[in-house]
Amino acid sequence: GGAMTLTAGESTAGDGGAVTVAAGAGATAGGAVEISAGVGVTTAGGAVTVSSGVGTATSSGAVLIQTSNSGTTGVSGNMALKTGTSTSGATGSYTVTTGDAAGGLA
């Protein structure tokens, strides 16, 4: 299938442009945002990568994944980190690591 690229503008004198993807508010439930990679029929499916920006002179950007606060009578949203099931081998794994530190704590 065709590719799609969504890119904000670059700047040589200030901040680069931001990209925001937001679902709409609803009278009952708010709209959902879903990011999915493509199906691979004969080989692996596509990957989903979320990365912060590189800071070439200072710090890299942060990555925040969170649920929002609840309303006055509800609970905040659940968060799950889950690998898929497998019918012919091991399931995927997940790893949480910090980067190497030079001159600080990792």
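Small disclaimer: the values here were computed from a predicted structure and weren't measured.

Before we move on, could you go through the overall build of the protein and cite the residues and values that matter?
Across its full length, the protein carries zero helices and zero strands. In terms of C-alpha radius of gyration, the protein reaches 19 Å, well past the compact-globule figure of 13 Å for 106 residues. For the protein, the spread of C-alpha atoms along the three principal axes comes to 50 × 45 × 40 Å. Here the protein holds 106 residues, and the buried ones make up 0% of them.

Go over the environment of Glu 34, please, and point to the residues and values.
Assessed through its relative accessible area of 68%, Glu 34 is described here as exposed. On a C-alpha basis, the gap between Glu 34 and Ala 23 in space is 9.6 Å, while along the polypeptide they are eleven residues apart. Reaching out from Glu 34, the side chain makes a polar contact with the side chain of Ser 36 at a distance of 2.9 Å.

Rules behind the numbers
Residues numbered from 1 in each chain as written. Predicted model: local features only at pLDDT ≥ 70, side-chain atom pairs only at ≥ 80, totals over all residues. Heavy atoms only, no water. Helix = DSSP H or I, 4+ residues; strand = E, 2+ residues; numbered from the N terminus. Rg over C-alpha atoms; globule rule 2.2 N^0.38 Å. Buried < 20%, exposed > 50% of the residue type's maximum accessible area, 1.4 Å probe, protein only. Polar contact = N/O pair within 3.5 Å; in protein donor to acceptor, adjacent residues only side chain to side chain.

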